[in-house]
Amino acid sequence: MDNSRTRNSVFNISAAFLLKICTIFTSFVSRTIIIYILGDVVLGLNSLFTTILTVLSLSELGVTSAITYHLYSPMKNKNENKLKEITLLYKTCYRVIGIVMFILGIALIPFLDQFVNINVDYDININVIYIMTLLRSVVSYWFYGFSQVIIEADQKQRVVSTYNTISNLISIVVIILALVLFKNYYIYLLILILFEIIRNIFLYIYTKRNYPWLNDLKNIHISSKLKKLVFKDVYSVFVFKITTTIGQSIDNILISMFISTILVGYYGNYTMIATYVISIATMIINSMGASVGNLHAENDLNKTKKIFYEIDMINFIIMAIFTVCLNQLLTPFILFWLKDTKFVISTLCVHLICANNYIISSLNAIYIFRNALGLFNYGKYNFLACGISNLIFSIILGKFFGLEGVLIATFLSYFIISTYPFPHYLFKYGFKSSPVSYYIEMTFRMVLVILMCLLSNMICKYISIKGLMGLVIQGILCSFVSIMLISICYYKSDKYLSLINRLKNLISRYNRRKK
């Protein structure tokens, strides 16, 4: 069982990694085309509207996390009646939420002028662009988007990753041709909407073929007990996820309102790179999520805790390396990519972007096990407080210090309100133990990452090579410094050694299969 779980995690990680690389490539290509063909105004509007509508995305609201948790056990035990009941409930929720999100999105149209701050002439209908972006966000609710969660609960994220990769590659080719030929942003958005629908239809066909019980949902009765239980968890995750998303979206909205919508596009270039790089680590950890839920279904708390420490160590190692590399390479990469200093933001902003990404992503393992153990009720209002404090601090600091003030506000809000409470909830209510040692570990890791950044910066100052080769050399040096410091600090740690042994065993099994 353990080997099967490990294999599923590896397969899911491999497929998700390929999808992420594909997504990064297609995003860079489409963003580059927007910048050079459609211009700064479209870039800023695209970033702003995507940000506003992110809060309306079901995947961000966390309903999927709550429903997936309830699918783990019946999927493992092949309880088709329970699977049908949960799936029907989820399918209904998906469609209702899609309608509600569309109505809420339309309700924002009269207020769009309050968000857009552009000081140059432009010939784009803001309302039309916004509605098309909204449609792209909600079509998943109406066109079989519920199918994806069934596949993921069965530990087959690689299937979803494969469909997404193919869809992304084909869509980017169509987008490039359309923009080169027509130079029209409306066509760009229409293509994105159509491919979102097509992708969901193909996933639905896959689930119908591979899960025959999906063909018989007509006479299924959803018990009031299940509704109450699921909606309780949905509400808890909803509060958690929506406030997380709002907290992360406040920055772009306030930058647009108080400074410039075009600056949102420039800032978005940095955050896109940082988000995609950090999301590779998050993707690796999240790909283990279904296996974690499957593990918890075995009711072995000691084993669950041991796996947590291994996943948490993996998350820290990858996150630390990526944070150090981003801190050193973000601005040089922007100059290499866009060839113009107008796209460059201040060094302090770069440091704050990296710090915010690290603070949020360092808790990846905590969030995964929180969901897998069903601890949805604990900490659901922390991010609400975080979002409110971020809004207040951002308005005050943003008016006085501009972009830097907004980013400082985000850092303070997340650091104070979310960094330490969530480990407390997991350890106390999930692992039934004290989180004190983990707090000490977290603090030590933060200091270590700062030292890595300082040392890497000192070394990279002596690199005079420019262009792509210079970026590669600096990236290798940053990674080497990070790995060396981590190895020196943790070479005697039980968690580190346990992780190394698991990796050795995995490599050994892989080599035996090859022979």
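Residue positions are given per chain, counted from 1 along the sequence in the order it is written. With the structure being a predicted model, the display of local features is reserved for residues of pLDDT at least 70 and the display and counting of side-chain atom pairs for 80 or more, all residues being used for whole-chain, interface and lining totals. Remark: hydrogens and water are excluded; side-chain values derive from all non-hydrogen atoms of the structure.

**Topic: the side chain of serine 47**
Point 1. A helix here means a DSSP run of H or I that spans at least four residues, while a strand means a run of E at least two residues long, and both kinds are numbered starting from the N terminus. With respect to the secondary-structure elements, serine 47 resides in helix H2 (residues 40-54).
Point 2. Contact criterion: two residues are considered in contact whenever any of their non-hydrogen atoms come within 4.5 Å of each other. Those residues in contact with serine 47 that lie beyond four places of it in its chain are Arg31, Asn252, Val264 and Gly265.

**Regarding the confidence of the model for the chain**
Point 1. On a range of 0 to 100, pLDDT expresses the predictor's confidence in each residue. Here the chain averages 84 in pLDDT, while 89% of its residues score no lower than 70.
Point 2. The least confident element of the chain, judged by mean pLDDT, is helix H3 (residues 58-61) at 51; the most confident is helix H20 (residues 436-460) at 95.

**A few points about the layout of surface pockets**
Point 1. Whether a set of points on the 1 Å grid over the protein atoms alone is a cavity depends on a 1.4 Å probe fitting there but being unable to get out, while an open set qualifies as a pocket with protein on both sides within 12 Å along at least five of seven lines; lining residues are those with an atom within 4 Å of a point. Grid points are joined across faces, edges and corners, and a volume is the space filled by probe spheres set on the points. Computed from the structure, the largest pocket encloses a volume of approximately 850 Å³.
Point 2. Lining the largest pocket are 35 residues, with Asn327, Gln328, Val350, His351 and Asn457 positioned closest to its centre.
Point 3. Those elements that place two or more of their residues in the lining of the largest pocket are helix H14 (301-338), helix H15 (347-361), helix H18 (403-417), H20 and helix H21 (467-490).

**Notes on the pattern of salt bridges**
Point 1. By salt bridge we mean one thing: a side-chain nitrogen of Lys or Arg within 4 Å of a carboxyl oxygen of Asp or Glu. Counted according to the given criterion, the structure contains eight salt bridges.
Point 2. With its nearest N and O atoms 3.2 Å apart, the salt bridge here joins lysine 84 to aspartate 216. On the criterion of sequence distance, the pair formed by lysine 84 in helix H5 (residues 80-107) and aspartate 216 in the loop between helix H10 (185-210) and helix H11 (224-258) is long-range, its members being 132 residues apart.
Point 3. Relative accessibility under 20% of the residue-type maximum defines a buried residue, over 50% an exposed one, and the middle range a partly exposed one, all with a 1.4 Å probe and only protein chains included. A relative accessible area of 9% places lysine 84 in the buried class.
Point 4. We classify aspartate 216 as partly exposed; its relative accessible area is 42%.
Point 5. The structure contains a network of salt bridges with shared partners spanning Asp312, Glu441 and Arg445.

**Observations concerning the packing of aromatic side chains**
Point 1. Classification of ring pairs uses Phe, Tyr and Trp, with its six-membered ring standing for Trp, and accepts pairs whose centres are within 6.5 Å; under 30 degrees between planes counts as stacked, over 60 as edge-to-face, and the remaining range as tilted. This structure, assessed with the given rule, holds 26 aromatic pairs.
Point 2. Relative to phenylalanine 333, the ring of phenylalanine 28 has its centre 5.7 Å away and its plane inclined at 75°; by these criteria the two rings are edge-to-face. Placement of phenylalanine 28 in helix H1 (residues 2-38) and of phenylalanine 333 in helix H14 is noted, with a sequence separation of 305 residues between them.
Point 3. The interplanar angle of 75° and the centroid separation of 5.0 Å between the aromatic rings of tyrosine 266 and phenylalanine 343 together place this pair among those described as edge-to-face. Separated by 77 residues along the polypeptide, tyrosine 266 in helix H12 (residues 261-286) and phenylalanine 343 in the loop between H14 and H15 bring together distant segments of the chain. Each member of the pair, tyrosine 266 as well as phenylalanine 343, is classed as buried.
Point 4. Taken together, the ring pairs in this structure connect Phe308, Tyr309, Phe369, Phe427, Phe431 and Tyr438 into an aromatic cluster.
Point 5. Here lysine 339 stacks its cationic end above the ring of phenylalanine 336, 4.6 Å away from the centre of that ring. Note on criteria: charge over ring means Lys NZ or Arg CZ within 6 Å of the ring centre, with the direction from the centre no more than 35 degrees off the ring normal.

**Topic: empty space enclosed by the protein**
Rolled over the atoms, a probe as big as a water molecule pinpoints where empty space is left.
Point 1. Evaluation of the coordinates by the stated rule reveals three cavities of 30 Å³ or more.
Point 2. In this structure, the second largest cavity encloses a volume near 80 Å³.
Point 3. Those elements giving two or more residues to the lining of the second largest cavity turn out to be H14 and H20.
Point 4. Looking at the lining of the second largest cavity element by element, the count peaks at four residues for H20.
Point 5. Here the lining of the second largest cavity is built from residues that sort into six nonpolar, two polar and one charged. Only Asp, Glu, Lys and Arg are considered charged, only Ala, Val, Leu, Ile, Met, Phe, Trp, Tyr, Cys and Pro nonpolar, and every remaining residue, Gly among them, polar.

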